[in-house]
Amino acid sequence: KIEKAKPIKCGTFGATSLQQRYLATGDFGGNLNVWNLEAPEIPVYSVKGHKEIINSIDGVGGLGIGEGAPEIVTGSRDGTVKVWDPRQKDTPVANMEPVQGESKRDCWTVAFGNAYNQEERVVCAGYDNGDIKLFDLKTMTLRWETNIKNGVCSVEFDRKDINMNKLVATSLEGKFHVFDMRTQHPTKGFSSVSEKVQKSTIWQVRHLPQNRDIFMTSGGAGSLHLWKYEYPAQRSKKDSEGAEMGVAGSVSLLQNVTLSTQPISSLDWSPDKKGLCVCGAFDQTVRVLIVTKLNKV
């Protein structure tokens, strides 16, 4: 149990090795800190990353997940998304911020993807107005953007360390969207399928580490929903002008359970034990669950 002066909003082990187990945290003061849990008095890396609260954090290149440098991405209420390499002091390696004259939006969620070799890497960010933006860190450009008309609570690629395959985005009003990230159309972008789950917020999405086509969503009504994505017969087709465009598949509900009268706001799967998961809810309870028969779907 470690207590710090500033409230901590988010954390990740994703940019560190299993041996080091450094925890990167974002706090209410906009600070990014990396802690050695064996000696947690002073952070091993610290930077005043943002002007306002850091809402979301993700790491890649550590834990044997994703090729390339160990990097941390932070998304903040100040409207910026920044990528940090703990080996580089004080300044981010990438800074995605609103262009001059554009109003800043509260960034609620960030995720790494496409880290399948030393050069490739993308960051996906979701904002309070429904914007989803995909930043290509190799070319330092905005590769794609869309709007799902509702605050984006959580985004996650089905795998960080492969060629982009699928991305799930969950929203404030009970909907989630699955984007097929294999084929990007020049004007229409990525194809997607959406599903309305409930009237309340879908706080989180997490893909099963042992099967990228199964994922779980956690909801404002205190429930968990387990989904399976089915690929279409053909994942791409040519439009009338001969350009390749993606074809979205379908999602089916495998199981759901209500665990709490309060929202389930955080969720994670075990990478080692298939079906073992943990969730935290507003009722201040941490629940450990096991999902069985996952080898049969």
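Residues numbered from 1 in each chain as written. Predicted model: local features only at pLDDT ≥ 70, side-chain atom pairs only at ≥ 80, totals over all residues. Heavy atoms only, no water.

Some words on the overall build of the protein chain
We count it as follows: The numbering of helices and of strands both runs from the N terminus, where a helix is a DSSP run of H or I of at least 4 residues and a strand a run of E of at least 2. Values of the radius of gyration come from C-alpha atoms, whereas the globule rule sets the reference at 2.2 Å times the count of residues to the power 0.38. In these tables, accessible area is a Shrake-Rupley quantity obtained with a 1.4 Å probe, and a residue counts as shielded only by the protein chains included in the view. The positive count covers Lys and Arg only, the negative count covers Asp and Glu only, and His and the chain ends enter neither. A charge is said to be at NZ when it belongs to Lys, at CZ for Arg, at CG for Asp and at CD for Glu.
On a plain count of helices and strands, the protein chain comes out with zero helices and 25 strands. Its C-alpha atoms give the protein chain a radius of gyration of 19 Å, near enough to 19 Å, the size a compact globule of 297 residues would have. Summarising its shape, the C-alpha atoms of the protein chain cover approximately 60 × 45 × 35 Å along the three principal directions. About 14500 Å² of surface is accessible on the protein chain, with carbon and sulfur atoms providing 48% of the total. Averaged over its 37 positive side-chain charges, the protein chain has a centre that lies 5 Å from the centre of its 34 negative ones.

What to know about the UniProt feature "repeat: WD" (unreviewed entry) in the protein chain
To keep things clear, this is the line we draw: UniProt positions are given in the numbering used here, feature names are shortened, and annotations may be inferred rather than shown by experiment.
UniProt annotation of "repeat: WD" (unreviewed entry) refers to residues 72-85 when read in the numbering used here. Here residues 72-85 runs as 0% helix and 64% strand, with 6 Å between its end C-alpha atoms.

Concerning the pairing of strand β17 (residues 202-208)
Note the threshold: Relative accessibility decides the category of a residue: with a 1.4 Å probe and only protein chains considered, values under 20% of the type maximum give buried, values over 50% give exposed, and everything between is partly exposed. In this description, strands pair whenever DSSP reports at least two bridges between them.
Most of β17 is tucked away: five of the seven residues are buried. Both β17 and strand β18 (residues 211-219) contribute to a ladder of six bridges, which runs antiparallel. Residue pairing for β18: Val-205 is matched across the bridge by Thr-217. Counting the residues in the hairpin turn of β17 and β18 gives two residues.

Some details on the pairing of strand β7 (residues 81-84)
Both faces of β7 are covered, namely the face carrying Val-81 and Val-83 and the face carrying Lys-82 and Trp-84. As paired elements, strand β6 (residues 71-76) and β7 share four bridges and run antiparallel to each other. Looking across to β7, one finds that Thr-74 is bridged to Lys-82. Between β6 and β7, which follow one another and run antiparallel, lie four residues, and Gly-79 among them has a positive phi close to 90°. As judged from the three bridges shared by β7 and strand β8 (residues 94-96), these two strands associate in the antiparallel manner. Bridging from a neighbouring strand, Val-81 pairs with Met-96 of β8.

Re the pattern of salt bridges
Stated formally: Here, a salt bridge means any side-chain nitrogen of Lys or Arg that lies within 4 Å of a carboxyl oxygen of Asp or Glu.
Counted by the stated rule, this structure contains 17 salt bridges. Between Arg-105 and Asp-128 there is a salt bridge whose closest N-O contact spans 3.1 Å. One end of the pair, Arg-105, is in the loop between β8 and β9 (107-113); the other, Asp-128, is in the loop between β10 (122-127) and β11 (131-136), with 23 residues separating them in the sequence. When salt bridges that share partners are traced, they join Asp-158, Lys-166 and Asp-213 into one network.

Focus on unusual backbone geometry
In this structure, Asp-90 takes a positive phi of about 70° despite not being glycine. Take Asp-90: it is sitting in the loop between β7 and β8. We classify Asp-90 as partly exposed; its relative accessible area is 49%. Phi is positive for Gln-284, which is not a glycine, with a value near 65°. Within the element layout of this structure, Gln-284 appears in the loop between β24 (276-281) and β25 (286-290). In this structure Gln-284 comes out as exposed when scored by relative accessible area, which is 76%.

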